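# Reading the structure
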Amino acid sequence: MTSIFDQYEQASQVSQRPVPVSEQMTSSGYINMQLEDNTPMFSKQKMNFNPSDMITHVAVSSDFLVLAMANGKLFRLDLKMPDQHEEIHYAKFVQPNSKLTAIFLDPLGYHLLMTFAARNKDGSPELVYLHRKSSKLKPVTKSKNYEVTEVGWNYENMSLTSTGPILLGTSQGHILETELEAESDKMFTASQQYWRQLPTYLPLYGGKEIDGLIFDIGKGANTPITGIQFHRVNKTSKFFIFVTTPTRLYQFIGHAMMADDKPSLQSIFHPYLTTPETGFQEIPSTLKYSKLQFYFDKSSNPKTFAWLTEPGIFYGQLDPTSQQNSNSLFTQSELINYPAEKDPTSTEETTPLSFVLTEFHVLLMYSDRVKAVSLLNQELVYEEKYSEVHGKLKNIVQDPLRRTIWAVTDKAVFRYKVKREERDVWRIYSDKEQFDLAKLYCQNNPAYIDIINVKQAELLFTNKDYDRSAEIYAETQSSFETVCLKFLEVDQVTALKVYLGKRLDALEDDKTLISMIVIWMTELYLSQLGSIRRTGKSDSQEYHQIQSDFEVFLLQPKVVKCMQHIKSVIYDLMSSHGDKDNLIKLTVINEDYENVIAQNIYKKSYMEALQMLQTKRKPDLFYQFAPSLMEKIPSQTATALIAQGPLLNPTKLLPAFLSCENDEAHISEITRYLEFMLQNFNVKDKAIHNYLLTLYVEYDQAALMKYLERQGQEIVLVNYDVHYALRLCREKGLSEACVKLSALLGLWESAAELALEVNLSLAKEIANMPEDESVQRRLWLGIAEHVITKSQDIKEAMSLLEECQLIKIEDILPFFSDVITIDHFREPICQSLEEYNKQIEEIKAEMEEATTSAECVRNEIQSFRNRSVLVSVSDACCLCDIALLLRPFYLFPCAHRFHSDCLLAEMQPILAPARRNKLKDLQRKLNLLSNIELSTMTSSGLPLREVLKNEVDDIVASECVFCGEHMIACIDKPFIADEDWDRVMKEWE
């Protein structure tokens, strides 16, 4: 239970904590952001245990607390088990006239060293060792000549029974190296103890040699060592050692001899014996003490150090791997002054008695209070006065591994809690204009980042680094209008463009602001380019750079997308500035070539417009502007159309062709393009073919006939409208073309009549075209009639008989005049009679053959009437293998025998659907009709039952199921069906 004084003290901690007064930060774009953290950064809590006497010394490591009390007892407590503690009476293990001067606990919390000084001249200093698991103190025999004032522990030692190599500093300035093992009593005897005295600066300081090998850092002046630490550099053999006295801080750097992964530090000091005294920092002081503290990062590597001196805390960054200065490990160092007292007349002490180093602060302990000072700006961030009830403060220490902080008074132990000590680091770095570090420690808080960016941008603006300032401003939430006005007031157009560009990159969905920025930046670029052009410097480097930047701006995806909505505004801007080149480039970027081409046509720059069309290869633009270009430059336009090949659809160009004048220049170019498309790309569009055919009919009849010839005589294969073509050719009186078109339509008589008007050979060609011989004969008779009635030329008529075998002499005789004598036809008539005689003989032979065949059939029918088959009792059905006579059966001439029901079941699946349905209908009638109805006589004289059975027999027994056509048709059918394959295979296994 805490006392009333403790409760009061804890409740008043917040009110006693000074509130740091920071300058007003630059306003942020964030509204009502809570930037201060009201949680106390440092707060203490009294531990709930009471020592048996006044506390004189304290040590803590790895959650293991050791207190030395005035009654000669040690209080040991494992902080993980606060209910279990132990008290050891150490006074009985040391000389009666000895005085405890310090206790040292290793980082693991297992090895405790206690140093004693003599109260009078008769005694001697003493060093005692105590292990955590033991209650027996062991004196270190060889230390009787030295009063140990500081211990440099081995931070790499993981042994719970051995300290590993350690360094001891004495009140005379000597440095000793030793190692202690808890389980070996011999290690504490004078003869067996490992005790290495390090070499002295004898040549330089004239120090008095003690036992031959002593490192005397005080030059024989008995300067006490107040701090000593050593650490290895990145797992190598390189070590650095820090040693402090009341006025000096020494650095020793070198390589140690390694044995069993244990260093021998003696070799590090050897190089300093023969060199001038270097590698130390001296600060004048009248104090008899000083303190050395290290801060370790998360990897347990020393990061910073602090040295308590009379003027202040000497603080610095450590970089053991730095090669810039081999004599010093400091990369940054400064002297932090102690906070001034509020009352200048106060008699309170000004120099702290002890301190603890954290990452960003140093906690200073005075006899009655604790203060915390920022390492970054040296401001006092915390101060708390201790109640006199607890007595005076004795020490403040930090657990090197757990990093917990402990303050000890005469009567109590307090634990300090550190809550987010980095909370104001970003602000301090921002005030120091170290903006990158400020952003690193703002924990990605957007409000903090915004404040830092605004302050950095304002500083850059003040320093006239406008472009960089614009980049930073774009990352802030500052008012858009305010920032733009700042740059306009100082006439910094380039910086304004940078700002607008960065803001544009950050925008996503605000279409209005994006459009406004794009228009504004375009205006700025055009104004700059126009201003330079007016001064006649369009070839300058500045102009080309701005032009290049403008082109890059126009090609940005976000700008290209925005241009689709505001391109008319941008076009007007460029037109108002007279910037034709950028206008054309913009249309290319936007793929808006229509405006440029239309403008060229309006200016009668037809070739430029055509070149633009050819370059961009946009079919829609060709369709749109082809009428104008075809009218003005037909030859070049046709060539351009041909160059596009299949990219263009000729059908969509028909309006352009139809709008042209019907002169030779235009018609020839149109024909050239259409012929190219038909020959090279096999265009089959009927409209194109009809239009080309129209041009042929009007202007080139020879080309028309070649075209019709190429199209062929298959009406389903031609690509033009035959009826339309025939009508055009009749209107123009193109008889030969009409002949071919009529023949194509199957108008053979009309085609032959027109062909006779042209020439006889064409008529003969037409007559041979029909596949129907009767049509051919009729056409040839028409030709013969035309030839005979026109010229009565017997030789020509006879040649017709030779050319066509379908007409005879008797077919053309009626066409001759009555005055023609038969002598002219003797040979054809004789030939015809011979053919008739031959045909009569062939008919007689066929009649005789038919008579013979009929006689054979009659004989076979007669033989079948007398034929019978003997059925044995042992005969079985070929399908079910049961005796045949047991049921009605069918007997076929091939000797196959089947029961009627077996044959019916076998035949049903293979019957055609119509016959199967009829069979089912007959069976249904036989089953449903009564005997009286079935006995009714039909018109054939047979009962209805017999008629139905005969029809069933005709269907079922029309052929043998084994020898008939069905068996032949199923010759390729497998013996085993697919669905039965697996079953049959298993049966055979």
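Computed from a prediction, not measured in an experiment: that's the story for all the values here.

The rules we used
- Residues numbered from 1 in each chain as written.
- Predicted model: local features only at pLDDT ≥ 70, side-chain atom pairs only at ≥ 80, totals over all residues.
- Heavy atoms only, no water.
- Pairing = 2+ DSSP bridges.
- Helix = DSSP H or I, 4+ residues; strand = E, 2+ residues; numbered from the N terminus.
- Axes fitted to C-alpha atoms, helices over the stretch in contact; angles between N-to-C directions.
- Bend = angle between axes of the 7 residues up to and from the residue.
- Phe/Tyr/Trp six-rings, centres within 6.5 Å; stacked < 30°, edge-to-face > 60°.
- Buried < 20%, exposed > 50% of the residue type's maximum accessible area, 1.4 Å probe, protein only.
- Lys NZ or Arg CZ within 6 Å of the ring centre and 35° of its normal.
- Contact = heavy atoms within 4.5 Å.
- Parallel < 35°, antiparallel > 145°, perpendicular 65-115°, else oblique.
- Left-handed = near helix turned anticlockwise from the far one by under 90°.
- Nonpolar A, V, L, I, M, F, W, Y, C, P; charged D, E, K, R; others polar.
- Core = buried A, V, L, I, M, F, W, Y, C linked by side-chain atoms within 4.5 Å.
- Disulfide = S-S within 2.5 Å.
- pLDDT = per-residue confidence, 0-100.

What follows covers the sheet that holds strand β2 (residues 55-61). The strand order across the open sheet formed by four strands is β2-β3-β4-β5, and the pairing between neighbours is antiparallel. Edge positions in the sheet fall to β2 and β5 (85-89), since each has one partner strand and no second. On average, each strand axis in the sheet is tilted by 15° relative to the strand beside it, whichever way the strands run. Alignment of β2 against strand β3 (residues 64-69), held across six bridges, turns out to be antiparallel. Residue pairing in the sheet places valine 60 in a bridge with leucine 65 of β3.

Now for helix α13 (residues 557-576). The α-helix winds at 3.6 residues per turn, so residues separated by three or four positions along the chain end up facing the same way. Within α13, the axis deviates most sharply at isoleucine 566, by approximately 85°. Directly beyond the C-terminal end of α13, a positive phi value near 65° is found at glycine 578.

A few words on the packing of aromatic side chains. The full count for this structure, using the stated rule, is 33 aromatic pairs. Arranged with centres 5.2 Å apart and planes meeting at 80°, the rings of phenylalanine 461 and tyrosine 466 form a pair that is edge-to-face. Summarising the burial analysis for this pair, phenylalanine 461 and tyrosine 466 share the class buried. Aromatic ring contacts, followed pair by pair, group Tyr155, Phe240, Phe242, Phe294, Phe296, Phe305, Trp307 and Phe314 into a single cluster. Over the ring of phenylalanine 414 we find lysine 44, and its NZ or CZ is 5.4 Å from the ring centre.

This next bit is on the environment of phenylalanine 42. Within the element layout of this structure, phenylalanine 42 appears in strand β1 (residues 42-46). On the basis of relative accessible area, phenylalanine 42 is assigned to the buried category, the value being 1%. Measuring from C-alpha to C-alpha, the distance between phenylalanine 42 and tyrosine 382 comes to 7.1 Å, with 340 residues separating the pair along the chain. Contacts of phenylalanine 42, omitting those with residues within four sequence positions, involve His361, Leu363, Ala372, Val381, Tyr382, Lys417 and Val418.

A few words on the packing of helix α11 (residues 511-534) against α13. Packing of α11 against α13 leaves a shortest axis separation of 9 Å and a crossing angle of 50°. The angle between the axes of α11 and α13 places the two elements in the oblique class. In the packing of α11 onto α13, the handedness of the crossing is right-handed. Between α11 and α13, the contacting residues are Ile514, Ser515, Val518, Ile519, Thr522, Glu523 and Leu526 on the first element and Lys558, Val559, Cys562, Met563, Ile566, Val569, Ile570, Leu573 and Met574 on the second. Residue composition of the contact of α11 with α13, grouped by class: 12 nonpolar, two polar and two charged.

Attention now moves to the environment of leucine 130. Following the sequence through the fold, leucine 130 ends up in strand β8 (residues 126-131). The class of leucine 130 is buried, set by a relative accessible area of 1%. Sequence spacing of leucine 130 and tyrosine 90 is 40 residues, and the spatial spacing of their C-alpha atoms is 9.7 Å. Residues contacting leucine 130, with those up to four places away along its chain left out, are Leu74, Arg76, Ile88, Tyr110, His111, Leu112, Ser135, Lys136 and Leu137.

The biggest cluster of nonpolar side chains holds 74 residues, and the ones touching the most others in it are Phe657 and Tyr720. Those residues in contact with tyrosine 720 that lie beyond four places of it in its chain are Lys686, His689, Asn690, Leu693, Tyr707, Leu708, Gln711, Ala725, Leu741 and Leu744. Ranked by size, the runner-up nonpolar core spans 43 residues in total, among them Phe487, Met521, Tyr525 and Met563.

What follows covers the state of the cysteines. Per the counting criterion, the structure on display carries zero disulfides. Summary of cysteine pairing: cysteine 894 is not part of a disulfide, and the nearest cysteine sulfur, belonging to cysteine 960, is at 3.6 Å.

Mean pLDDT for the chain: 82, with 85% of residues reaching 70 or above. Segment residues 1-26 is flagged for pLDDT under 50; beyond a separation of four residues in sequence, or across chains, it makes 45 contacts in the model. Counted against residues more than four places away or in other chains, residues 200-214, with its pLDDT under 50, gives 36 contacts.

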